Amino acid sequence: PVGMVLFDEDGLIVRANPAVAQLVGELPGSLTAVHESLRELLGWYSGGPLAGLHPGSPPLHRHGWVEHPDGGERALRAVVRCLEAHQS
């Protein structure tokens, strides 16, 4: 499955598709509450996203081992990019 997670600069999870739960388990409302391995894969740390992530920057290709709810680890890769927020 191909998972998609949309989060803001504060780590608030705005949207995630059902495939994410298959890959890493159910997500809480914020990246602050997920395992460090998932935050690392997504390029988000307690202070915010990686410095290289900003609107117009090329996507970052990341690889890592992420803890799965069944207690094991799974190798995952992510393409992380920054989108510009549009106010309505």
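Quantities reported herein were computed from a predicted structural model and do not represent experimental measurements. (Residues numbered from 1 in each chain as written. Predicted model: local features only at pLDDT ≥ 70, side-chain atom pairs only at ≥ 80, totals over all residues. Heavy atoms only, no water.)

**Considering the pairing of strand β6 (residues 73-80)**
Now for step 1: Two strands pair when backbone bridges link them, and strand β5 (residues 60-67) and β6 are joined in this way by 8 bridges, in the antiparallel orientation. By the bridge assignment for β6, Arg62 is matched with Ala78.
Now for step 2: The turn linking β5 back onto β6 is made up of 5 residues, and Gly71 within it adopts a positive phi angle of 100°. (Pairing = 2+ DSSP bridges. Helix = DSSP H or I, 4+ residues; strand = E, 2+ residues; numbered from the N terminus.)

**Details of the nonpolar core**
Now for step 1: Ranked by internal contacts, the top residues of the largest apolar core, which has 16 residues, are Val24, Leu31, Leu38, Leu41, Val66 and Leu76.
Now for step 2: Mapped onto this core, the elements with two or more residues apiece are α1 (18-24), α2 (36-42) and β6.
Now for step 3: Among residues more than four places away in sequence, those in contact with Leu31 are Phe7, Gly11, Ile13, Arg39, Leu42 and Trp44. (Core = buried A, V, L, I, M, F, W, Y, C linked by side-chain atoms within 4.5 Å. Buried < 20%, exposed > 50% of the residue type's maximum accessible area, 1.4 Å probe, protein only. Contact = heavy atoms within 4.5 Å.)

**Observations regarding the pairing of strand β2 (residues 13-16)**
Now for step 1: Two elements, strand β1 (residues 5-7) and β2, share 3 bridges in a ladder whose sense is antiparallel. By the bridge assignment, Phe7 is partnered in β2 with Ile13.
Now for step 2: What sits between the antiparallel neighbours β1 and β2 is a turn of 5 residues, in which Gly11 has the positive phi angle 90°.

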